[in-house]
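Overview (structure and organization)
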Amino acid sequence: MTHGESALKSLSDSERLDWLQLARSENVGPVTFRKLLRHFGSAGKALAALPDMARRGGASRSPRICSKGDAERELERAATFGCRMIGLSEPVYPAALRAAESAPALLTVRGHIDVLSRPAVAIVGSRNASVVGCKIARNLAAGVAGAGYATVSGLARGIDAAAHEATVETGTIAVMAGGLDRPYPPQNIELLEAICENGQSAAISEMPFGWEPRARDFPRRNRIIAGVGLGLVVVEAARKSGSLISARIAGELGRLVFAVPGSPLDPRARGTNDLIRDGAILTAEPDDLLEALAPLTGKDARFNQPMPSLEEEAVPAIDAKPSEEIRTHIATALGPAPAAVDDLVRHTGLPPSEVYMVLLELDLAGRLTRHPGGSVSLLPPIGN
């Protein structure tokens, strides 16, 4: 057993409740959640510190903190629907997704949870897919399933549905943009039920029960699709397709990006042809995927050596809180343009621990924006 495997552990009931309260509190996104847990060592301690940290960051009011009662009701509702909520420090959490800094703190799972432990391939594409495109998606999905991979997609019409349909019996993961009790689109509810009831597949979401998916929730869903898979395949996509967002995220996460070529006369092929031009792996059959993925499976430490538990990664708390002078110095150094945190440390000449603490305070005050690659930028104080 590796150190990483021994460090991963299941959450107790009280820890899961604390995690849910922290994750559902205002201004606590996935990256902030992870940093708070590393700094304080537990979600309970982080919850107690939120109001004071937000005040020091310049918030004009206390942040909304999820109550224990609300968290208990969400957990009870999940259980009523036959769902389970898992934290990213737990062994059942998808290992490849855990390696992404933006991984959700908690996932709600309905169906066969063991499918999350298998290496996966994401298959996405046009909702208005062609007959040929759907056939290719089914063929690719069945091919990787035959080699032991699970498939992952977003349950949308067209390519997503074709990939799920081909692998319901062997293992597929449907990632939802809303709560698991708010499936979308309505015409795929029957497919969702088949996925959840089959015994080999599952549906997952980071959103709370009752959450109706909105347009801005789908890019969030796409980052989970890209994060769960070792590689992502785009079968058909127009130039402004959401599938291209998934492909970009997959590339940022260091995943392999594949694209199926198509006719230059078909608008649904323009996005995939552009991906190939820009360096995506041209894909026509399952062997193209399996050959490229083979070096990752069982060998890539990012995906196959689980990260230590967040509690074991906790850093010592700073004895003295950063002074107002230090906070002003860091805030002045930031602006609306994204800046790398390492550059900020070098520019200010301050200890990294103090810079990270002030960034957390600004984040909890709603004054910080986090960008891909770990860069940050500053928003004006709330109320200005």
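As a starting point, this report considers the structure included with it. (Residues numbered from 1 in each chain as written. Predicted model: local features only at pLDDT ≥ 70, side-chain atom pairs only at ≥ 80, totals over all residues. Heavy atoms only, no water.)

The next subject is the pattern of salt bridges. Evaluated as defined, the whole model comprises 27 salt bridges. Residue Lys 35 pairs with Glu 101 through a salt bridge whose shortest N-O separation is 3.4 Å. Placement of Lys 35 in helix H3 (residues 30-40) and of Glu 101 in the loop between helix H6 (95-98) and strand E2 (106-111) is noted, with a sequence separation of 66 residues between them. Its salt-bridge partner being Arg 277, residue Asp 274 comes within 3.5 Å of it at the nearest N-O pair. Of the two residues, Asp 274 and Arg 277 are both situated in helix H12 (residues 267-277); the distance of 3 residues between them amounts to about one turn of the helix. For Arg 277, a relative accessible area of 60% gives the class exposed. (Salt bridge = Lys/Arg side-chain N within 4 Å of Asp/Glu carboxyl O. Helix = DSSP H or I, 4+ residues; strand = E, 2+ residues; numbered from the N terminus. Buried < 20%, exposed > 50% of the residue type's maximum accessible area, 1.4 Å probe, protein only.)

On to the sheet that holds strand E7 (residues 231-234), then. On the basis of which strands lie adjacent, the open sheet formed by 9 strands has the order E1-E2-E6-E5-E4-E3-E7-E8-E9 and mixed pairing. The two strands at the open ends of the sheet, each matched to only one other strand, are strand E1 (83-87) and strand E9 (281-282). Relative to strand E6 (residues 202-205), E2 runs antiparallel, the two sharing 4 bridges. Paired with Gly 111 across the bridge in E6 is Ala 202. In this fold helix H7 (residues 131-146) packs onto strand E3 (120-124), strand E4 (150-153) and E7, with an angle of close to 175 degrees to the strand it touches most, E3. Against the sheet, helix H10 (residues 217-228) touches E2, E3, E4, strand E5 (172-175), E6 and E7, its axis set at about 155 degrees to E5. (Pairing = 2+ DSSP bridges. Contact = heavy atoms within 4.5 Å. Axes fitted to C-alpha atoms, helices over the stretch in contact; angles between N-to-C directions.)

Enumeration over the complete set of coordinates arrives at 3 aromatic pairs. Measuring from ring centre to ring centre gives 5.1 Å for Trp 19 and Phe 33, while their planes differ by 65 degrees; the resulting arrangement is edge-to-face. With Trp 19 in helix H2 (residues 13-23) and Phe 33 in helix H3, this residue pair connects regions lying 14 residues apart in the sequence. With respect to class, Trp 19 is no different from Phe 33; both count as buried. Between the NZ or CZ atom of Lys 35 and the centre of the ring of Tyr 356, over which it lies, the distance is 6.0 Å. (Phe/Tyr/Trp six-rings, centres within 6.5 Å; stacked < 30°, edge-to-face > 60°. Lys NZ or Arg CZ within 6 Å of the ring centre and 35° of its normal.)

Another aspect to go through is the environment of Gly 349. Mapping Gly 349 onto the fold places it in the loop between helix H16 (341-348) and helix H17 (352-364). Along the chain, Gly 349 and Pro 295 lie 54 residues apart, while their C-alpha atoms are 42 Å from each other.

For a regular strand, side chains alternate in direction, first toward one face of the sheet and then toward the other. Taking every second residue as pointing to the same face, both faces of E7 are buried, with Gly 231 and Val 233 on one and Leu 232 and Val 234 on the other. Sheet analysis places E3 next to E7, joined by 4 bridges and oriented parallel. Across the sheet, residue Val 121 finds its bridge partner in E7, namely Gly 231. When E7 meets strand E8 (residues 256-259), the two strands line up parallel, connected through 4 bridges. Considered in E8, the bridge of Val 234 is made with Ala 259. The β-α-β motif built from E7, the intervening helix H11 (residues 242-252) and the parallel element E8 has right-handed crossover chirality. (Right-handed = clockwise from strand over helix to strand, strands pointing away.)

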